[in-house]
Amino acid sequence: MLSSIILVNILVFFSLNHVCGARISPTDSSRIVNDHRAFFVFGDSLVDNGNNNFLVTTARADSPPYGIDSLSHRPTGRFSNGRNIPDLIGEQIGVDPLLPYLDPELDGKKLLKGANFASAGIGILNDTGFQFVNIIRMPYQLAFFETYQKRVAALIGTEKTKKLVNEALVLITCGGNDFVNNYYLVRYSLRSFQYRLPAYVQLLTTEYEKILMRLYNLGARNVLVTATGPLGCAPSVIALRSRNGECATELQRAADLFNPQVTAMIWLLNKKLGSDVFISVEAHHIFYDFITKPKAFGFDMTNKACCGQGPYNGLGLCTALSNLCPDRAKYVYWDGYHPTERANRLVVQEIFNGTKYMKPMILSTLLSMKA
Ligand SMILES: *[C@@H]1O[C@H](CO)[C@@H](O)[C@H](O)[C@H]1NC(C)=O
Ligand SMILES: *[C@@H]1O[C@H](CO)[C@@H](O)[C@H](O)[C@H]1NC(C)=O
């Protein structure tokens, strides 16, 4: 833990040194600011675009066959065979794939398009993912966002920076690791001694609310919030906890408890703020539909990972030595835990235009209201 704190502090310092980096002229900058909405991403491996490649950690997706169906056919740090949810949302709003915040390429004008602060392995709680050592936990992702704003202010001034952040689209995805890489990581985890499941779920919801309020206080006004998928249905969980390949009961119970509480918390938060700042993306239901009605979505395989080994291809990491399915588009899960590009694409369709799982509104409505 200590070494992780030190490394992250070094990184904060490193980024602060960038504050006085490249400058651009004022006319140039106003055109860029008005051109496109910026996009910011926070959270875990479901949305990490490669920050962990810059860290000393085992939570990374930087070797083949990750990225096999991307344009370059090479791994980038995204935990999928191709594009992930941030890439596909970006595609719809006209933002090129975001750079990871730790990428040295992210400097000068490129900062104005936004940044991805997500880091695989993190959770809502600071002790989640402790086994990955150096990952950017939520308080540090938010600290980087603050540093980011200082760097942008040095380019375009404080007022325009504030406007850029207020108008930006923000996506935050976390919570899954607080179960799979914390509470249920081992049979008798510290957290499971401390809390019964309902109390743990309540703790997570309260802490998630604090993170969302911090985002609000940092200027975010259009925030898509997702919590977990159907945790019990991930091939890695099925491999360890299911008898006949059905979704594992205990982790489904956790997801069934937690996700509605997040939606309810968001509803109250918006009420308190007097504005629909936060939108709940009920990813848990979206994915559960893929699993229970695969044919309706063109999937053939729902409980087996495309890349992996062991039962349901769900054990261990996805590596060059793993079994790899030929037809990725037929699978919901790419590896033991993360969706295929095809599943991500269907989720993004629901986010923009869905009919059931976006509370209080779909993203197309939000974007047209705040055009
Ligand atoms: C997590 O760590 C941050 C920064 O060290 C601290 O401010 C925060 O209170 C911690 N959160 C919890 C829930 O312990
Ligand atoms: C949402 O619907 C609009 C209008 O029909 C369409 O242009 C757009 O491509 C859709 N977006 C997604 C992500 O499916």
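Above this text you will find the structure in question.
None of the values given here were measured: they were computed from a predicted structure.

A. Layout of the site of ligand 1. Taken together, Leu125, Asn126, Pro139 and Glu207 are the residues near ligand 1. In the shell around ligand 1, the residues fall into two nonpolar, one polar and one charged.

B. Fine view of helix H4 (residues 138-156). Counted at 1.5 Å a residue, the expected span for H4 with its 19 residues is 27 Å, and the 27 Å between its end C-alpha atoms agrees. Every buried residue of H4 is listed here: Met138, Tyr140, Gln141, Ala143, Phe144, Phe145, Tyr148, Arg151, Val152, Leu155 and Ile156. Within two residues after H4, Gly157 carries a phi angle of roughly 95°, on the positive side.

C. Summary view of unusual backbone geometry. With an omega dihedral of 5°, the bond running from Pro64 to Pro65 counts as a cis peptide bond. For Pro65, the location among the structural elements is in the loop between strand E1 (39-43) and helix H3 (85-93). Note that the residue after Lys359, namely Pro360, is joined by a cis bond; omega there is 0°. Assignment of secondary structure puts Pro360 in the loop between strand E8 (358-359) and helix H14 (363-369). With a phi close to 55°, Tyr312 is a non-glycine residue in the positive phi region.

D. Fine view of helix H10 (residues 249-273). For H10, built from 25 residues, the straight-helix expectation of 36 Å at 1.5 Å per residue is met to within 8% by its first-to-last C-alpha distance of 36 Å. Listed in full, the buried residues belonging to H10 are Leu251, Ala254, Ala255, Phe258, Asn259, Val262 and Ile266. If you follow the buried residues of H10, they end up packed against helix H6 (176-183), helix H8 (197-217), strand E4 (223-226), helix H9 (235-241), strand E5 (278-281) and helix H11 (283-292). Within two residues after H10, Gly274 carries a phi angle of roughly 70°, on the positive side.

E. Summary view of the environment of Leu112. Checked against the element boundaries, Leu112 lands in the loop between H3 and strand E2 (114-116). Taking the number of C-beta atoms within 10 Å as the measure of exposure, Leu112 has 21 and is therefore buried. Between the C-alpha atoms of Leu112 and Val152, which are 40 residues apart in sequence, the distance is 7.0 Å.

Reading the values: rules and limits
Residues numbered from 1 in each chain as written. Chains lettered and ligands numbered in written order. Predicted model: local features only at pLDDT ≥ 70, side-chain atom pairs only at ≥ 80, totals over all residues. Near = placed C-beta within 6 Å. Nonpolar A, V, L, I, M, F, W, Y, C, P; charged D, E, K, R; others polar. Helix = DSSP H or I, 4+ residues; strand = E, 2+ residues; numbered from the N terminus. Expected span 1.5 Å × (residues − 1). Buried ≥ 20, exposed ≤ 12 C-beta atoms within 10 Å, placed from the backbone. Contact = placed C-beta atoms within 7 Å.

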